[in-house]
Amino acid sequence: MKGWWGRILRVDLSRKKYWVQELNGEIYKKYIGGRGLAVKILWDELPPGIDPFSPHNLLVIASGPLSGLPLPSSGKLVVASKSPLTLGYGDGNIGTMASVHLKKAGYDAIVIRGASRKPIYLYIEDDRVEFRDAEDLWGRDTFETEDKLVKEHGRNIGTLLIGPAGESLVRYATIISMKGRSGGRPGIGAVMGSKKLKAIVIRGTKNPELADEAELRRLSEASYKEILSKENYDFWIRQGTMATIVWGQENSVLPTMNYREAVWDHYEEISGDLMEKLKVERRGCPYCNMQCGNVILDDRGEKSELDYENVAMFGSNILLNDLRKVATLNKLADKLGLDTISMGNSLGFIMEASEKNLIDERIEWGDYKAAQRLLIDTAYRRGLGSFLAEGVMRMSRWLRNGAEEFAMHVKGLEISAYDCHAAPGMALAFATSPIGAHHKDAWLIGLEVKMDRFAYNEEKVDKLIFLQRIRGGMFESLTTCRLPWVELGLNLDYYPKMLTAATGVTYTINDIYEVADRIYALIRAFWIREHDGWNRYMDYPPMRWFKEPLSRGPYTGAKLDLEKYGKMLNLYYDKRGWDHRGVPRRSTLVKLGLQETIPVLEKIVGLED
Ligand code: PTT
Ligand code: SF4
């Protein structure tokens, strides 16, 4: 096999055993790698209905045939599990040297089962795997932990680790690497914590055999060069994702006051333009020549790496109009190992619950001190922080009295930073994202602002499926960063060509679409299997966007239309070959070669032809 190793490292933390599983080429052809490999393993091996915190849950660390190779922005990895936040399929994508070292160590993926009784970390060096004591690391933040591991093992390693939030099983704890890269929004860090696994350290020294090295080198040189030649390269290097603050304001999608509004008078105080003036450093993921990690000093003088989502969620969404203070909350989240989007969302939710007298404590909008305290208390599950650690869906069910209408999530995953009162297509993108409300699979809003904003039409559905195939299917299984294509317009044709040059298997873009559709249908089957009472309303965005119109900005009065949304959702299902309950049809499953799901789904929901 070329491009892939055909080897999965299997680790059992309960028995402190490991072994290597050899896989044949068929599974790789069908799923490519990354997310595809992860969902196939989770579907095949997880006992249905398990508690995500039980030792039976699996932690899958999966690379793809292009990740970790010297190709544009390839230093990425998928981390996946059954999510403790959503109880469905959960994954995240993290930029990390662990991607490069995993490839060099000779594995396509690591699959971890069981749980240790005491804190441990894994040290993997090619074929050698050690279970190391982590008592001294447990309780430390992610930055200290990284420092300690580097001191012990040297700089030439890749790390994946958790902070106090993962240890305390905060349902949206993430995995952190390289002091500030984060992955696994749906609580993949908490799964790692439930296994008492503080860190994974990888060092690899080998190179995989590639089908056509010369061609891959040629594609690599050409694509790196094309990236540098792009018109908006300089602006990207200056602002990265932070340019989205001004864009969000101009297009009325900037989440404001827990997604009550979509514009904010103080947006300039958290903008990319201001960030540029404060910038002290730029960072990024391995093998990237368009690095987008913009670092400023926070209000305590510490370096903090900003991205749009983090700033919008800790800025406009909670009405905190000071970029340095926002940077402090962001830095704390990285150190503690909390997802910034879910944390910012949970803060917005609790501020609104306080305003509506649904909780005893008074927490004002924009209260920086309270936000800081709550963030730390969440990571350690202290007092009200323990409530926030459950995420907005669970908090709202507990509070009742209308709280569910302003709990901004889909399927339990908090919405990322785009208001959708005036963006039905993006609302559908959030609602049908395979991990719950995340923009990663389809940032439809970028296209929707150039279309008829209020249309619920076929064009939007087609574009949504196209984006899901490319972003959620191709990039998540290759596994490389999608931003060279999304932000700078790198020619998409490079990717099937690189895939073919690496593996020797000929892939056209249509072959990749088919893999993507297979991955989507299998993830959907996983959700249906794991969720009692699956129904189409799990594919709906929060009620706030249907019921409470915007009261400010160019789209004052805008809200979503329930009936039109339902029709657009049906169209989406039809195009995917799913019935109007959101269940893949038998014929679709057969066409995609997912026969193994048929008896299971037949028994749970019954299948339509
Ligand atoms: C991603 C989500 C995002 S998406 C952001 S900012 W973004 C938040 N970043 C967080 C952070 O930082 N610290 C923290 N404690 N929590 C955070 N939560 C949020 O997590 C990220 C970049 C970005 S920055 C984006 S869009 C792109 N995402 C990609 C993706 O999903 N797939 C892919 N093939 N390429 C991508 N490229 C870009 O990567 P999740 P990262 Mg990420 C600090 O993790 O779970 O997928 O959620 O990994 O290495 O930090 O790179 O405006
Ligand atoms: Fe990482 Fe940004 Fe480069 Fe993507 S563009 S690989 S997120 S630094």
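Only a predicted model underlies this, so the values are computations on that prediction, with no experimental measurement involved. (Residues numbered from 1 in each chain as written. Chains lettered and ligands numbered in written order. Predicted model: local features only at pLDDT ≥ 70, side-chain atom pairs only at ≥ 80, totals over all residues. Heavy atoms only, no water.)

A. Representation of the side chain of Lys 335 in the model. The residue Lys 335 is located in helix H12 (residues 323-336) in this model. Side-chain polar atoms of Lys 335 contact the side chain of Glu 302, separated by 3.2 Å. In this structure Lys 335 touches Asp 141, Thr 142, Phe 143, Gly 163, Pro 164 and Glu 302, once residues within four positions along its chain are discounted. (Helix = DSSP H or I, 4+ residues; strand = E, 2+ residues; numbered from the N terminus. Polar contact = N/O pair within 3.5 Å; in protein donor to acceptor, adjacent residues only side chain to side chain. Contact = heavy atoms within 4.5 Å.)

B. Broad picture of the side chain of Arg 576. Counting through the fold element by element, Arg 576 comes out in helix H24 (residues 562-576). Arg 576 gets classed as buried once you look at its relative accessible area, which sits at 9%. Those residues within four positions of Arg 576 in sequence are excluded, and the remaining contacts are Ile 465, Gln 468, Asp 517, Tyr 520 and Thr 588. (Buried < 20%, exposed > 50% of the residue type's maximum accessible area, 1.4 Å probe, protein only.)

C. Structural view of helix H14 (residues 368-380). The end-to-end C-alpha distance of H14, which contains 13 residues, comes to 19 Å, matching closely the 18 Å that a straight helix rising 1.5 Å per residue would cover. Taken residue by residue, H14 has Tyr 368, Ala 370, Ala 371, Gln 372, Leu 374, Leu 375, Asp 377, Thr 378 and Ala 379 as its buried positions. Summarising the contacts, the buried residues of H14 are in contact with helix H5 (164-167), helix H11 (308-314), H12, helix H13 (340-355) and helix H15 (384-388). Capping of H14 at its N-terminal end is provided by Asp 367; its side-chain oxygen lies 3.2 Å from the backbone amide nitrogen of Lys 369. A positive phi of about 50° marks Arg 381, the residue just after H14. (Expected span 1.5 Å × (residues − 1).)

D. Main features of the domain arrangement of the chain. One can read the domain layout of the chain as domain 1 (7-203), domain 2 (240-417) and domain 3 (420-489 + 508-609). The straight-line distance from the C-alpha centre of domain 1 to that of domain 2 is 26 Å. Each side of the interface is counted separately: domain 1 has 39 residues, and domain 2 has 34 residues. Carbon and sulfur atoms supply 54% of the area buried between domain 1 and domain 2, which totals about 2800 Å² over both sides. On inspection of domain 1 and its partner domain 2, the count reaches 3 salt bridges. Taking the shortest distance from any N to any O, the salt bridge between Arg 181 and Glu 305 comes out at 2.8 Å. Listed by contribution, the elements that provide at least two residues to the side of domain 1 that touches domain 2 are helix H3 (97-105), helix H4 (142-153) and H5. With 3 residues, the single largest contributor to the side of domain 1 that touches domain 2 is H5. For the side of domain 1 that touches domain 2, the per-class residue count stands at 19 nonpolar, 14 polar and 6 charged. (Domains from an automatic or database assignment. Buried area = accessible area lost by both parts, 1.4 Å probe. Salt bridge = Lys/Arg side-chain N within 4 Å of Asp/Glu carboxyl O. Nonpolar A, V, L, I, M, F, W, Y, C, P; charged D, E, K, R; others polar.)

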